[in-house]
Amino acid sequence: MSISDKSERALSIDELLQRNVYDVDDEPHIIVDTEKCLKCRVKPCTLLCPAGCYTLSPDGEILFSYEGCVECGTCRSICPMDAITWNYPRSGRGIYYRFT
Amino acid sequence: MGSIPTRFDVIVVGAGPAGAAAAYHAAKRGFKVLLVERGRGAGSKELYGGRIYVGPLRDVWPGIEKEAPIHRWVVEERLSIIGDGEVATLSYRYSNPVSFTAYLPDLTRWMVSKAEEEGVVFVDEVRVDSLVRDGEGRVIGIRSGPDVAYASVVVDAEGANRLLLERAGIVDALDAKRAPIALGVKEVLKLPKGAIEDRLGLSDGEGLSWLIAGTVTKGIPGGGFIYTFKDTIAVGVVVHLGHSVNAVEAGVLKESVKDLVESIRLHPYFKRLWRDSDIVEYGAHLTVECGLDYMPPHLAYDGLVIVGDAAGLLLNLGYTVRGVDLASYSGMLAAEAIAKAHDLGGMNAENLRVYENMVKESFIYKELVRHRGICWLTKERRFFTSYANILLGILSNLYVQEFKHPTVFEAVKASIRSGGEALLPLIGRILKVVREL
Ligand SMILES: Cc1cc2nc3c(=O)[nH]c(=O)nc-3n(C[C@H](O)[C@H](O)[C@H](O)COP(=O)(O)OP(=O)(O)OC[C@H]3O[C@@H](n4cnc5c(N)ncnc54)[C@H](O)[C@@H]3O)c2cc1C
Ligand code: SF4
Ligand code: SF4
């Protein structure tokens with residue numbers, strides 16, 4: 001994988017996450033009660049999750065995907081509605097950092 | 001944990017710099033130690049900025065300078081203030097380095113290998129789900145799924161995101177609006193051979209540490225950082241999380257935190273430094289902004305001691321972070337305290353609180369108290385916006401003139417006026433900032 005224009009343009013979150021090594025768990029380690037999100041006005045998770053795991057669907061619903069999660073814990077600390085049941089991935093799974 | 005014996009003298013949860021040190025020193029003192037880590041191998045969940053002060057680590061890890069996977073010794077510090085189209089940079093070079101850069105996953109792996117040499121039983125891929133307590137509330141072991149392991153004392157070294165302490169009811173559930181926590185987001189860029197030396201004016205093995213203030217965090221308390229490694233450069237930002245939420249609520253922050261890092265990487269002033277580089281990794285981690293405010297009510301309970309980030313033992317001075325060295329040092333103190341408690345007759349809270357006293361008498365706590373003012377500073381939003389602009393304004397008034405240059409005093413006055421600040425209160429505040437630092 002060698003793309004030579006990468007330091008010249010902004011990368012999408014997916015392009016950034018592709019650089020990482022993961023062993024993605026078969027079941028999600030974070031569960032979001034998206035019913036509660038409907039009443040959440042600001043939805044800070046959509047901007048503050050560094051892995052872009054929280055996105056808005058065209059009709060304004062929260063879509064959560066755990067696969068790119070880097071297990072930082074931000075979302076659990078900023079959610080105003082208590083909508084997130086948070087855990088680390090099961091033993092050994094998830095992000096595998098090498099140069100950090 | 002099925003195949004390993006389930007009774008130990010000491011169980012350490014979390015194989016970071018704090019847990020590895022606690023395990024190593026406890027084993028050295030003859031205790032039977034189990035070190036448990038959720039990641040695959042040690043270090044695989046570690047992400048930090050990039051520079052570690054060696055002083056305290058010499059006591060904790062004999063031989064660290066010769067044996068550890070050190071990349072570069074920092075001989076140059078830079079501080080840049082970024083405005084819209086303007087940059088002011090201060091640089092300081094010295095010849096007796098006191099800190100080095102290293103990949104924290106590698107360094108942690110080295111620490112754990114040292115612990116294993118002392119006889120520590122290290123098990124990875126075990127996520128501890130809770131502390132096990134007896135009828136009287138004493139911690140007597142750990143649970144992971146259906147498995148339980150017992151010990152006379154458990155060392156909690158789980159880091160800043162303290163799920164276990166929360167579940168045990170020792171600390172409150174993490175809430176960005178109340179807890180002094182920040183999010184660090186980082187990219188690692190791999191450069192062509194020799195590029196770091198050529199572009200930054202460094203010799204072989206020399207490193208540079210670079211802090212960035214100003215518009216990079218959109219006025220959110222925090223800043224950017226750049227650290228040099230063997231053939232990579234780390235670029236990142238740290239933002240205070242409570243203020244980040246406020247900024248989203250106020251509509252000030254409209255982009256994702258990853259765009260804050262991208263805007264440093266793509267900033268015209270910086271991007272030439274990593275021309276032709278490959279991004280090889282991207283990640284994020286929580287950190288503690290103000291250690292004293294993050295400390296649990298006690299650092300020791302019946303059958304439990306708390307070390308490292310989980311104990312709030314991190315010093316964030318804004319221009320530099322001291323976490324790895326303090327974490328490891330606290331792990332060593334915990335092992336000493338466990339030995340003392342053992343001699344005193346057992347691992348009850350009363351005996352284990354010698355650890356609390358040892359921390360309070362050590363340089364760690366003294367430094368945390370001495371720099372307490374920094375906590376005020378991280379809450380001072382203005383410091384991160386208008387002061388930076390005023391400084392850039394002064395420089396602009398001084399230098400960017402076609403015919404008539406102002407005196408320094410005129411330049412300062414004009415810049416402060418356009419920043420909407422009154423001169424005297426501003427001087428008072430700046431003095432306060434300097435005093436606190
Ligand atoms: C962005 C950023 C920049 C930083 N920059 C610097 C710097 O330049 N210099 C510096 O000295 N410090 C820096 N720090 C701080 C430093 O990284 C920490 O202070 C240090 O890593 C704390 O060590 P620790 O052992 O207490 O915790 P951690 O390093 O967080 O280790 C905790 C370990 O416990 C494991 N664990 C957690 N929960 C469980 C569980 N339930 N079961 C099993 N295992 C578990 C984790 O996987 C991890 O391995 C920075 C931090 C961040 C986030
Ligand atoms: S912050 Fe919480 S409640 Fe709001 S959208 Fe995100 S997950 Fe849902
Ligand atoms: S833990 Fe961090 S990376 Fe994972 S979903 Fe939450 S905010 Fe995103």
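Right above here is the structure, for reference.
The rules behind the values
- Residues numbered from 1 in each chain as written.
- Chains lettered and ligands numbered in written order.
- Predicted model: local features only at pLDDT ≥ 70, side-chain atom pairs only at ≥ 80, totals over all residues.
- Heavy atoms only, no water.
- Helix = DSSP H or I, 4+ residues; strand = E, 2+ residues; numbered from the N terminus.
- Rg over C-alpha atoms; globule rule 2.2 N^0.38 Å.
- Buried < 20%, exposed > 50% of the residue type's maximum accessible area, 1.4 Å probe, protein only.
- Contact = heavy atoms within 4.5 Å.
- Patch = residues over 30% accessible without salt bridge, like charges linked within 9 Å, V, L, I, M, F, W, Y side chains within 5 Å.
- Areas by Shrake-Rupley, 256 points an atom, 1.4 Å probe, with all protein chains shown as cover.
- Salt bridge = Lys/Arg side-chain N within 4 Å of Asp/Glu carboxyl O.
- Phe/Tyr/Trp six-rings, centres within 6.5 Å; stacked < 30°, edge-to-face > 60°.
- Lys NZ or Arg CZ within 6 Å of the ring centre and 35° of its normal.
- Lys, Arg positive; Asp, Glu negative; His and termini not counted.
- Charge placed at Lys NZ, Arg CZ, Asp CG, Glu CD.
- Expected span 1.5 Å × (residues − 1).
- Buried area = accessible area lost by both parts, 1.4 Å probe.
- Near = heavy atom within 4 Å.
- Polar contact = N/O pair within 3.5 Å; in protein donor to acceptor, adjacent residues only side chain to side chain.
- Nonpolar A, V, L, I, M, F, W, Y, C, P; charged D, E, K, R; others polar.
- Core = buried A, V, L, I, M, F, W, Y, C linked by side-chain atoms within 4.5 Å.

Caption draft 1: Representation of the overall build of chain B within the structure. Helices and strands together make up the secondary structure of chain B, namely 19 helices and 19 strands. For chain B, whose C-alpha radius of gyration is 23 Å, the value lies close to the compact-globule estimate of 22 Å for 437 residues. Taken along the three principal axes of its C-alpha coordinates, chain B extends 80 × 45 × 40 Å. Taking all 437 residues of chain B together, 60% fall into the buried category. For chain B, contacts bridging at least 24 residues in sequence account for 71% of all contacts bridging at least 6.

Caption draft 2: Spatial organisation of a nonpolar patch on the surface. All names here are of chain B. On the surface, Leu391, Leu395, Tyr399 and Val400 cluster together to form a nonpolar patch covering roughly 410 Å² of accessible area. Along the polypeptide, Val400 turns up in the loop between helix H17 (386–399) and helix H18 (408–418). Judged by relative accessible area, which is 64%, Val400 ranks as exposed.

Caption draft 3: Just the packing of aromatic side chains, in detail. What the rule picks out here adds up to 14 aromatic pairs over all chains. Both rings, one in Phe225(B) and one in Tyr227(B), keep their centres 5.6 Å apart while their planes meet at 40°; by these two values the pair is tilted. Accessibility classification places Phe225(B) together with Tyr227(B) in one group, the buried group. Each residue in the set Trp210(B), Tyr269(B), Phe270(B) and Trp274(B) is aromatic and connected to the rest through ring pairs, giving one cluster. Positioned above the aromatic ring of Tyr88(A) is the side chain of Arg38(B), whose terminal nitrogen or guanidinium carbon lies 3.6 Å from the ring centre. The ring of Tyr294(B) has Arg162(B) lying over it, and the distance from NZ or CZ to the ring centre is 3.6 Å.

Caption draft 4: Seen up close, a negative patch on the surface. All names here are of chain A. Together, Asp33, Glu35, Asp59 and Glu61 make up a region of like negative charge exposed at the surface. Structurally, Asp33 can be placed in the loop between strand S2 (30–32) and helix H2 (34–37). By relative accessible area, which is 32% here, Asp33 ends up partly exposed.

Caption draft 5: Geometry of helix H1 (residues 17–28) of chain B. All names here are of chain B. Counted at 1.5 Å a residue, the expected span for H1 with its 12 residues is 16 Å, and the 16 Å between its end C-alpha atoms agrees. Burial within H1 is extensive, with 11 of its 12 residues counted as buried. Looking only at H1, the buried set comprises Pro17, Ala18, Gly19, Ala20, Ala21, Ala22, Ala23, Tyr24, His25, Ala26 and Ala27. Here the buried face of H1 lies against strand S1 (7–13), strand S2 (33–36), helix H2 (55–60), helix H4 (104–117), strand S10 (147–156) and helix H11 (324–344). The positive-phi residue at the C-terminal boundary of H1 is Gly30, with phi of around 95°.

Caption draft 6: Up close: the interface of chain B and chain A. Listed per partner, the contact involves 58 residues of chain B and 44 residues of chain A. Between chain B and chain A the total buried area reaches about 4500 Å² when both faces are included, carbon and sulfur atoms providing 53% of it. Scanning the region where chain B abuts chain A turns up 5 salt bridges. For Glu71(A), the salt bridge goes to Lys45(B), with nearest N and O atoms at 3.0 Å.

Caption draft 7: Molecular detail of the site of ligand 1. Around ligand 1, the structure places 37 residues, and the nearest of them are Glu37(B), Glu46(B), Gly49(B), Arg51(B) and Asp309(B). Among the chains of the assembly, those with residues near ligand 1 are chains A and B. One nitrogen or oxygen atom from the main chain of Val321(B) is found 3.3 Å from a nitrogen atom belonging to ligand 1. Surface burial for ligand 1 is 97%, taken as the share of its 1000 Å² of free accessible area covered by protein chains. Taken together, the elements giving at least two residues each to the shell around ligand 1 come down to H1, strand S15 (278–288), strand S19 (321–322) and H11 of chain B. Per element, the largest residue contribution to the shell around ligand 1 is 3 residues, and it comes from S15(B).

Caption draft 8: Region of interest: H17(B). With 14 residues, H17(B) should reach 20 Å at 1.5 Å per residue; the first-to-last C-alpha distance of 20 Å fits that figure. Taken as a whole, H17(B) has its buried residues at Ser386(B), Tyr387(B), Ala388(B), Ile390(B), Leu392(B), Gly393(B) and Ile394(B).

Caption draft 9: Main features of the site of ligand 3. Ligand 3 sits among 15 residues. The nearest are Cys49(A), Cys69(A), Cys72(A), Gly73(A) and Cys75(A). Residue composition of the shell around ligand 3, by class: 12 nonpolar, 2 polar and 1 charged.

Caption draft 10: The nonpolar core, seen in detail. All names here are of chain B. Membership of the largest hydrophobic core comes to 88 residues, with the highest contact counts inside it found for Trp61 and Tyr355. The dominant element in this core, judged by the number of residues it contributes, is H11, at 12 residues. In contact with Trp61, not counting residues within four places along its chain, are Pro17, Ala20, Ala21, Tyr24, Trp110, Met111, Lys114 and Ser328.

Caption draft 11: Inspection of unusual backbone geometry at higher detail. Although it is not a glycine, Asp82(A) adopts a positive phi angle of roughly 60°. Mapped onto the secondary structure, Asp82(A) falls in the loop between helix H4 (74–78) and strand S5 (84–86). Phi at Lys218(B) takes a positive value of approximately 55°, unusual for a residue other than glycine. Following the sequence through the fold, Lys218(B) ends up in the loop between strand S12 (206–214) and strand S13 (222–228).

Such coordinate-based values are descriptive only and should not be taken to indicate function.
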